Each structure stands twice: as structure tokens, then as C-alpha cells.
2 protein chains.
Amino acid sequence: MREQPPYRRFAEVLRSRIENEEWKPGERLPSRAQLAEEGGVTTDIVRRAQEWLITQGVLTGRVGSGTYVAEQRERVRVVHSPEREQAGQAPFYVDMAALGRRGTSESRTDGMVPATPDIAARLGIAEGDYCVRTSYEYLADGKPVQLLTSWEPYSITAGSLVILPETGPLAGAGVVRRMAEIGITVAEVEERPDAGHADADEAHLLGIQKGALVTRIRRTYFSDDGRAVETADIVVPSALCEIIYRFPVTR
Amino acid sequence: MREQPPYRRFAEVLRSRIENEEWKPGERLPSRAQLAEEGGVTTDIVRRAQEWLITQGVLTGRVGSGTYVAEQRERVRVVHSPEREQAGQAPFYVDMAALGRRGTSESRTDGMVPATPDIAARLGIAEGDYCVRTSYEYLADGKPVQLLTSWEPYSITAGSLVILPETGPLAGAGVVRRMAEIGITVAEVEERPDAGHADADEAHLLGIQKGALVTRIRRTYFSDDGRAVETADIVVPSALCEIIYRFPVTR
DNA sequence: TCGAATTTGTGCGTATGTATC
DNA sequence: GGATACATACGCACAAATTCG
């Protein structure tokens, strides 16, 4: 085993000082100049050590302010299972109720937008066909933990009371319940998770570091006649949410 | 919108030259010195541009050899659904059969190992209790696409013929089938996907870039009496595999 | 209210390491 | 074994954001 470079050695020094609670979660570390001085290294070594610990989730940096010990918020467990989908409310609220947390959301319907090639393929409609797009920010105990953007084909809900997902008596009821209202039975759900990094906007909305690991889920609901009735992009930050799929092994 | 830095501008130059098929997938680019010369930039700008395109999946670097246009292999679709689990073979082979590809695997049983705290918690056994650990490398048409390490409590399979997963007549049969052989009914599966990066070993085994995005799945099978009978760590590289969860919305 | 000082973040060039041919 | 090519580490300069007087 070869020797560790200076910045990694200094990172371990910082890590052990944090583990000894010299600085507690949420507290600010001394400036790079001070740490470099007392550690007998250059400020650049300190910077790289902090960079490394930031990617490890030990520290967080705030430009112009300082470097802080990361507060490890408990990860919210969201369980994706057949049972969760059948409740008369959006899946996220089912999860929060199960955890004894207060689940809320802020939504903004962007109105009708033409389908991009990707969205058209996922919904099985023609490119340019209109969809109702809605953006959500899901909060657990008031803190954001997930982002979601959904698209519904205009042709399905046109003229009905549920055309706008988050207005009227069925706000927050979830796709399954809302579609049932207009005579459509949602029978199946498909989720395609993929690893990715948070962009600047997502990081800002979620209160996490830019570039932090996220799971992006492309979810599509299908009716009993096989038509796609809704598709959504879900951003699940690894630091805040734990995703669990649970289903039976049929026999 | 502010101006792009030089390395990003040069990255776009390279990207457009690749899109114009000046260099085709799998081909080697000129050396950094040559690209820098003809582009009127420093070799460092070329290096950063290539680094950026590597993270974007456009290029791959091979130390000592050169920088190559990435060959975008078709992503293998692995569908995690209740139905897939009931077949009498390992889930991966079911996927490959559905895709018309040749699914194979290489495995190595490490024998009995004491359970780490994490594994013990997942299997509901005491820390230090013995498990049979087995490592797999799954191949599609001979190329590696997934890594898997499984742990089974020794207490469950002790004395039976299925104690070693990949020997005997039930090699490759999958956990559900093997447990059935010793009178245990596997009733439920739980999967916890999380975003991550490939370490050097994983990258080497999978033939991908170190640090490439992967989804790590912690999978556990439960018997009908609620006991955990197997748990596994699965590494799914984003560039090679597309994960799909599909299940009914029960009613 | 505003501006200067402080602190973190980004970009770049050089030197060195390491794998390949 | 030498030459070549990419990868890593480091130091410096400057930009961006915040803080505080």
C-alpha cells in the first residue's frame, strides 16, 4: 500500500477531530488560513481536504460564509409497493403518515405544454400533443425532500373536473384516485430509477450540495387497457431519502 | 448568461467534431499535444475538456494509450417485478432470455464468513454469526454488466445440498427455487436502490470508467414466516444497465 | 445603505506518477 | 527499457457570495 497524499492525510486529521466532537454538526470550522497555519500545511491542502470530505458527506461548504460540519438529517423512508398505490392519496403522503411525519407539498401547474419527444414516447402520444405539466416539491416536517414533475395527456382529462391535479376536491388525492373519478382504472406502475447528480437548481430547492448524489425515477402509470395515463420525473436526493421497493414473490 | 470558460468551449469543439464523425466510436483521438497545437490552446485546456466529456460519457481515457470516443453499448433492461422472481432460475437469466441475449455468470463462493454489523442487521441474525458469501459477475453476451455479492445465513442451509449456491444441480436456479428445495417458501423481496460511484475495482470488473455512476441495490428475500433468507449487494452501472420496477396497483 | 474584508469555489499551469506500446 | 500518453497532485490567481462595520 502506498502512502496517502498530503490532502488525504489532512482530511483524516479533520475527520478525527470531528469525530472527537471538537466541532459538532452544524458548527463552523475555522477558516482555511487558520487550519493551514495550525496544521503546518498550505491553504490549498486544506481546501482539497475539505473538498474530499464534502464529497464524503462529512462537511458542507457555504461560499462567503464558511465550512460546516454536515448535519446528518435522518433519511426519510419512501416505500414503493403495490399496497401504497391503492390509497386515496398521493403515495408520498402515505409514506409520511407511516413515519409519523408531517407530509406537505407545494405545487405549481404550468398549464398545457406540448410533449417533448421523450415525454411523448413515455405517454404513447404524438410529439407536440398537449399535456398538463405540474411541478411539486414534497416536504417532510416542512423540509424539502423530493422533487417531482408530472405530465398528463390533455386528451385524457380534457373537460373533466380533474384536469388540474392540484385544484378542487381531489387535490392531493393521487393519480389513481383522480383517474378513478373519470372512470379510468389505473392497473400498473412502472418506475425506472437511475443514478445522477443534483444540478444547481435542484440543489437549491432541496437544500443540498450541488452535485450531490440523487436517484432520478421516471415513473409511469398505466390504465387497465394498457394506456399510459401519467408520467413523472422524480428527484430523490440520496442524503435525504431512502427508497425501498417491496413486493411479493408470486407463486 | 455569462461566457463559458475555455475548457468548456474546447469541449464543445471536440463534441461537434465527434458528432460530425471525424472520429467514430472506439477510435482514438489525437494526443493532447496535437489537439492543443491545432486548437491554439494549452494541453491543460485539452485535458480539462476531455475530463468533462468523460464525465458526460462521450469519451473514455485509457492511461498510457490514449483518449477514445466512447462506444455506447445498448443498455441492458433488467425488469424487477413479482413475476420475474417466480421462475426457477436467477432473475438475471430471466431478463437476458427476455432480451434474446446470452446471459452467463461467473461466481466465486468465499465460504463461511462472520456477519458484519450491517449484514447481521439485514439478515436479522447476531453480529459474527456465520454466513455463506458468494460473489457474482453477470455477463450479457459475454460482457460484464452487473456485480452481485450475496450472503446467506449458515443456520438456514447448514447440512443441506444447497448450502453452496453455485454448485450441484441447482446452480443458477436462484434463491427462490433453492430455498423451496429445503422447504422454505420465499414470499417477499425488498430492494433498496441508492446512487453511487464505481470504485477502482468495480470499474475494472465492469469495464467502465472509475467514478462512473452506478446504482447500488441492497436486496433481501424474506420467507413466508418473515425471516430474511438471503441478502445481496448489487452494483448496476448506469451506462450498461437500465433498471425497471414494474408492479400492479392492487385494488 | 453601502462597501470593504473575509471565506469558499473555480480555473489554469506545472510537476510528477503510472500504465501502455 | 525507453518513449509516449493519460492521471493525479499541488500552488497560485481570481471570481462569487457572505458578513460586518
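Residues numbered from 1 in each chain as written. Chains lettered and ligands numbered in written order. Predicted model: local features only at pLDDT ≥ 70, side-chain atom pairs only at ≥ 80, totals over all residues. Heavy atoms only, no water.

Per an unreviewed UniProt entry, chain A goes by the name UTRA domain-containing protein and belongs to Streptomyces luteireticuli.

Q: Mind showing me how you'd approach the protein's contact with DNA strand D here?
A: With respect to spatial proximity, 21 residues lie near DNA strand D, and among them P6, Y7, T42, D44 and R48 of chain A are the closest. Across the atoms of DNA strand D situated within 4 Å of the protein, the share located in sugar and phosphate is 60%. T42 of chain A places a polar side-chain atom, nitrogen or oxygen, 2.8 Å from a phosphate oxygen of DNA strand D. For DNA strand D, a phosphate oxygen lies 3.3 Å from a polar atom in the side chain of T67 of chain B. Broken down by element, the residue count for the surface near DNA strand D peaks at three residues, all from helix α3 (residues 43-55) of chain A. (Near = heavy atom within 4 Å. Polar contact = N/O pair within 3.5 Å; in protein donor to acceptor, adjacent residues only side chain to side chain. Helix = DSSP H or I, 4+ residues; strand = E, 2+ residues; numbered from the N terminus.)

Q: Just checking my understanding: could you explain the packing of helix α2 (residues 32-39) of chain A against α3 of chain A for this structure?
A: All names here are of chain A. Running from N to C, α2 and α3 cross one another at 110 degrees; their axes reach a closest spacing of 8 Å. Taken together, the axes of α2 and α3 are roughly perpendicular relative to one another. Seen from above, α2 lies across α3 with right-handed handedness. Across the interface between the two elements, R32, A33, L35 and A36 from α2 touch T43, V46, R47 and Q50 from α3. (Axes fitted to C-alpha atoms, helices over the stretch in contact; angles between N-to-C directions. Parallel < 35°, antiparallel > 145°, perpendicular 65-115°, else oblique. Left-handed = near helix turned anticlockwise from the far one by under 90°. Contact = heavy atoms within 4.5 Å.)

Q: Quick question: what am I supposed to make of the relation of the copies chain A and chain B here?
A: Structural alignment of chain A on chain B gives an RMSD of 0.2 Å, achieved by rotating through 180 degrees and translating 0.1 Å along the axis. The two molecules are tied by a two-fold rotation axis, judged by turn and shift. Of the C-alpha atoms belonging to chain A, the one lying closest to the rotation axis is found on A195 of chain A, 2.4 Å away. The fraction of interface residues of chain A whose copies in chain B are also interface residues reaches 100%, indicating that both copies meet through the same surface. (Least-squares fit on C-alpha atoms with pLDDT ≥ 70 in both.)

Q: Honestly, the packing of aromatic side chains in this entry has me stumped. Any pointers?
A: Two numbers describe a pair of aromatic rings. These are the distance of the centres and the angle of the planes. Following the criterion strictly, the structure yields 10 aromatic pairs over all chains and no others. The interplanar angle of 25 degrees and the centroid separation of 6.2 Å between the aromatic rings of F247 of chain A and F247 of chain B together place this pair among those described as stacked. Note that F247 of chain A is positioned in strand β10 (residues 241-248) and F247 of chain B in strand β10 (residues 241-248), a pairing that runs across two chains. By the burial criterion, F247 of chain A is buried, and F247 of chain B matches it. For the pair Y136 of chain B and Y138 of chain B, a centre-to-centre distance of 5.7 Å together with 5 degrees between the ring planes defines the contact as stacked. (Phe/Tyr/Trp six-rings, centres within 6.5 Å; stacked < 30°, edge-to-face > 60°. Buried < 20%, exposed > 50% of the residue type's maximum accessible area, 1.4 Å probe, protein only.)

Q: Please clarify how the side chain of R122 of chain A should be interpreted in this entry.
A: Relative to the assigned elements, R122 of chain A resides in helix α6 (residues 117-123). Those residues within four positions of R122 of chain A in sequence are excluded, and the remaining contacts are R218, R219, T220, A228, T231, A232 and D233 of chain A.

Q: I would appreciate a short explanation of the pairing of strand β7 (residues 186-197) of chain A in the present structure.
A: For a regular strand, side chains alternate in direction, first toward one face of the sheet and then toward the other. Where β7 of chain A and strand β8 (residues 213-223) of chain A come together, 11 bridges link them in antiparallel fashion. Along β8 of chain A, the bridge assignment pairs D194 of chain A with R216 of chain A. Direction of pairing for β7 of chain A relative to β10 of chain B: antiparallel, over a ladder of four bridges. Each bridged residue has a counterpart across the sheet, and for V189 of chain A the counterpart in β10 of chain B is F247 of chain B. (Pairing = 2+ DSSP bridges.)

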